[in-house]
Amino acid sequence: MSLDKNQIAKRIAQELKHNTYVNLGIGIPTLVANYIPNGIDVEFQSENGVLGMGPFPFEGEEDPDLINAGKQTITTLAGAALFDSATSFAMIRGRHVELTVLGAMEVASNGDIANWKIPKKMVKGMGGAMDLVASAENIIVAMMHTNKKGKSKLLNKCTLPITGVSCVKKIVTNLAVIEVTKKGFKLLERAPGVSVDHIIKATEGNLIINGEVPEMKI
Amino acid sequence: MINKKVKDVAEAIDGVKSNMTLMFGGFGLSGIPENCIKELSKKEIFNLTCISNNAGVDNFGLGLLLKKRQVDRMISSYVGENAEFERQMLSGELKVDLIPQGTLAERCRAGGAGIPAFFTPAGFGTEVAFGKEVRIFDGKAHILETALTSDFAFVKAWKGDEAGNLIFKGSARNFNPLMAMAGKITVAEVEELLPAGELDPNHVHTPGIFVQRIFKGELYEKRIEQLTTRKREE
């Protein structure tokens, strides 16, 4: 069984380290906040100027002056701080934010990522993605293994305009957990019930398999 | 005390002309100078270059200037939340420069801080880096980005005083303090305008030296783009 979006988020949440600052992108990454393991303290940064982001507000308590980078109404937790956009990206570029989780259209086996532009289609812009991938120490991509046409999103080389070079460290898809190494994609775990063969067929980029590949524990 | 107070929005935008470069604070629709944008949309001013992280939505925010075809070029990091913008961009009527959000913020800050250019890793190896100088620092590649300034900067704050000091609220601060620094003439509209001495200097976010005109804005709509809530547990 391949994972659904919530299960992908739940698996990524296992990567969260105690006492770290984390930036979550729009989409599946946002769901990671719902699955923080017990005993792990993390603070979420939103690049529009919030540290210590909390859950959505209760109905009727929303504040138009308090949103996240996806323009959704949010709350802040005890210990939160608010700041301007230059300070926010100082936290990101200055590597004070330790982990970035974001979505992607393509990832290459050298860690290149493409997630902002499809030529000939309406281009909305990169927002903060280029700053985030250029600097974070650890970058985890959350995405489906293949696109809607069934084509692999894990490639030897990106075909779309890239967002950043050699930056992705790990990829969690509906089929697998993959580490980006100097030699290419290394298969670490497979989704429950998904065969290694299935993952090989769905991966266009060079895939390294060392011995038995364990199932994810969700 | 140097008094920056002007009587209304009409006086605040006096001197804005066609072909100028204007900055607008805000992230999405949060913390945008609603009064100034509305007033500018009533003027026969065209061919503007607008620097703003986003471009508003249809009928609100910078969407008002776009609808009236007052904008020639947008410099932003993320756009296209409105149909008219998309139409103008795809037909080539509107020029759009997309730049990474952190680079946009820092270019404004640098413009106001007297730093003509800086190196950043953001965008290296991508099409953003085309034609830009690359330098390696500590083994990592960086690209040269230049500062941004503007003829006018329009910002929105929560509270201000007549000396031009500003305090922002929540995440509505965003680009406002940086653009306040980068405008040759910075116009601040505030929800609450106080006499000098009423704001605690310890709490000022933007010092009044960066603000040339300040006025109390009216009828803030503060539209929410993505209303997300959770249910109260019984």
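Residues numbered from 1 in each chain as written. Chains lettered and ligands numbered in written order. Predicted model: local features only at pLDDT ≥ 70, side-chain atom pairs only at ≥ 80, totals over all residues. Heavy atoms only, no water.

## A word on the confidence of the model for chain B
Line of reasoning, step 1. Of the residues in chain B, 100% reach a pLDDT of 70 or more, and the chain-wide mean stands at 96.
Line of reasoning, step 2. Scored as a whole, the predicted complex attains pTM 0.96, and scored at its interfaces, ipTM 0.96. (pLDDT = per-residue confidence, 0-100.)

## Structural notes on the pattern of salt bridges
Line of reasoning, step 1. For the structure shown, the criterion picks out 26 salt bridges over all chains.
Line of reasoning, step 2. Between Lys42(B) and Glu39(B) there is a salt bridge, with the nearest N and O atoms lying 3.5 Å from each other.
Line of reasoning, step 3. Asp97(B) is the salt-bridge partner of Arg73(B), the closest N and O atoms lying 2.9 Å from each other. You can see Arg73(B) sitting in strand β3 (residues 71-76) and its partner Asp97(B) sitting in strand β4 (residues 95-98), a full 24 residues away along the chain.
Line of reasoning, step 4. Arg73(B) sits in the partly exposed class, given a relative accessible area of 26%.
Line of reasoning, step 5. Within the structure, one salt-bridge network assembled from shared partners comprises Asp63(A), Asp65(A), Lys156(B), Lys169(B), Glu191(B) and Lys222(B). (Salt bridge = Lys/Arg side-chain N within 4 Å of Asp/Glu carboxyl O. Helix = DSSP H or I, 4+ residues; strand = E, 2+ residues; numbered from the N terminus. Buried < 20%, exposed > 50% of the residue type's maximum accessible area, 1.4 Å probe, protein only.)

## Re the sheet that holds strand β1 (residues 20-24) of chain A
Line of reasoning, step 1. With respect to topology, 10 strands assemble into an open sheet ordered β4-β3-β2-β1-β5-β8-β10-β11-β12-β13 (chain A), the strand pairing being mixed. Unpaired on one side and paired on the other, β4 (76-82) and β13 (207-208) of chain A mark the two borders of the sheet. (Pairing = 2+ DSSP bridges.)

## Points about the state of the cysteines
Line of reasoning, step 1. Taken as a whole and judged by the stated rule, the model has 0 disulfides over all chains.
Line of reasoning, step 2. Of all cysteine sulfurs, the one in Cys167(A) lies closest to Cys158(A), which takes part in no disulfide; the gap is 9.1 Å.
Line of reasoning, step 3. With no disulfide of its own, Cys36(B) lies closest to Cys50(B) among cysteine sulfurs, the gap being 13 Å. (Disulfide = S-S within 2.5 Å.)

## Concerning the nonpolar core
Line of reasoning, step 1. Membership of the largest hydrophobic core comes to 48 residues, with the highest contact counts inside it found for Val141(A), Val168(A) and Ile171(A).
Line of reasoning, step 2. Leaving out residues up to four positions away in the same chain, Val141(A) has contacts with Leu102(A), Ala104(A), Val107(A), Ile113(A), Val168(A), Lys170(A), Ile171(A) and Val172(A).
Line of reasoning, step 3. One finds Met130(A), Cys36(B), Leu62(B) and Ile143(B) within the second-largest nonpolar core, a separate group that totals 42 residues. (Core = buried A, V, L, I, M, F, W, Y, C linked by side-chain atoms within 4.5 Å. Contact = heavy atoms within 4.5 Å.)

## Some points on the side chain of Asn23(A)
Residues and elements named next belong to chain A.
Line of reasoning, step 1. Inspection of the secondary structure puts Asn23 in strand β1.
Line of reasoning, step 2. When its relative accessible area of 1% is taken as the criterion, Asn23 is described as buried.
Line of reasoning, step 3. There is a polar contact of 3.0 Å between the side chain of Asn23 and the side chain of Glu47. (Polar contact = N/O pair within 3.5 Å; in protein donor to acceptor, adjacent residues only side chain to side chain.)

## Here we look at the interface of chain B and chain A
Line of reasoning, step 1. Taken together, the contact between chain B and chain A spans 51 residues of the former and 47 residues of the latter.
Line of reasoning, step 2. Contact between chain B and chain A buries roughly 4300 Å² in total, counting both sides, with carbon and sulfur atoms accounting for 58%.
Line of reasoning, step 3. Viewed at the interface, chain A and chain B are joined by 6 salt bridges.
Line of reasoning, step 4. Linking chain B to chain A there are 28 residue pairs in polar contact (both at pLDDT 80 or more).
Line of reasoning, step 5. Elements represented by at least two residues in the side of chain B that touches chain A include exactly α4 (83-91), α5 (101-113) and α6 (176-182) of chain B.
Line of reasoning, step 6. Of the residues forming the side of chain B that touches chain A, the biggest block, 6 residues, is contributed by α5(B).
Line of reasoning, step 7. By residue class, the composition of the side of chain B that touches chain A is 19 nonpolar, 18 polar and 14 charged. (Buried area = accessible area lost by both parts, 1.4 Å probe. Nonpolar A, V, L, I, M, F, W, Y, C, P; charged D, E, K, R; others polar.)

## Re the pairing of strand β1 (residues 21-24) of chain B
All names here are of chain B.
Line of reasoning, step 1. Relative to strand β2 (residues 48-51), β1 runs parallel, the two sharing 3 bridges. The residue of β2 that forms the bridge with Leu22 is Cys50.
Line of reasoning, step 2. Alignment of β1 against strand β8 (residues 150-161), held across 3 bridges, turns out to be parallel. Along β8, the bridge assignment pairs Met23 with Ala153.

## A short note on the packing of aromatic side chains
Any two aromatic rings considered together are summarised by their centre-to-centre distance and by the angle between their planes.
Residues and elements named next belong to chain B.
Line of reasoning, step 1. Under the definition given, this model contains 3 aromatic pairs over all chains.
Line of reasoning, step 2. A centroid spacing of 5.8 Å and a plane angle of 5° characterise the contact between Phe152 and Phe154, whose relative ring orientation is stacked.
Line of reasoning, step 3. Looking at Phe152, the relative accessible area reads 2%, which means it is buried.
Line of reasoning, step 4. For Phe154, a relative accessible area of 0% gives the class buried.
Line of reasoning, step 5. By way of ring pairs, the aromatic residues Phe24, Phe152 and Phe154 are connected into one cluster. (Phe/Tyr/Trp six-rings, centres within 6.5 Å; stacked < 30°, edge-to-face > 60°.)

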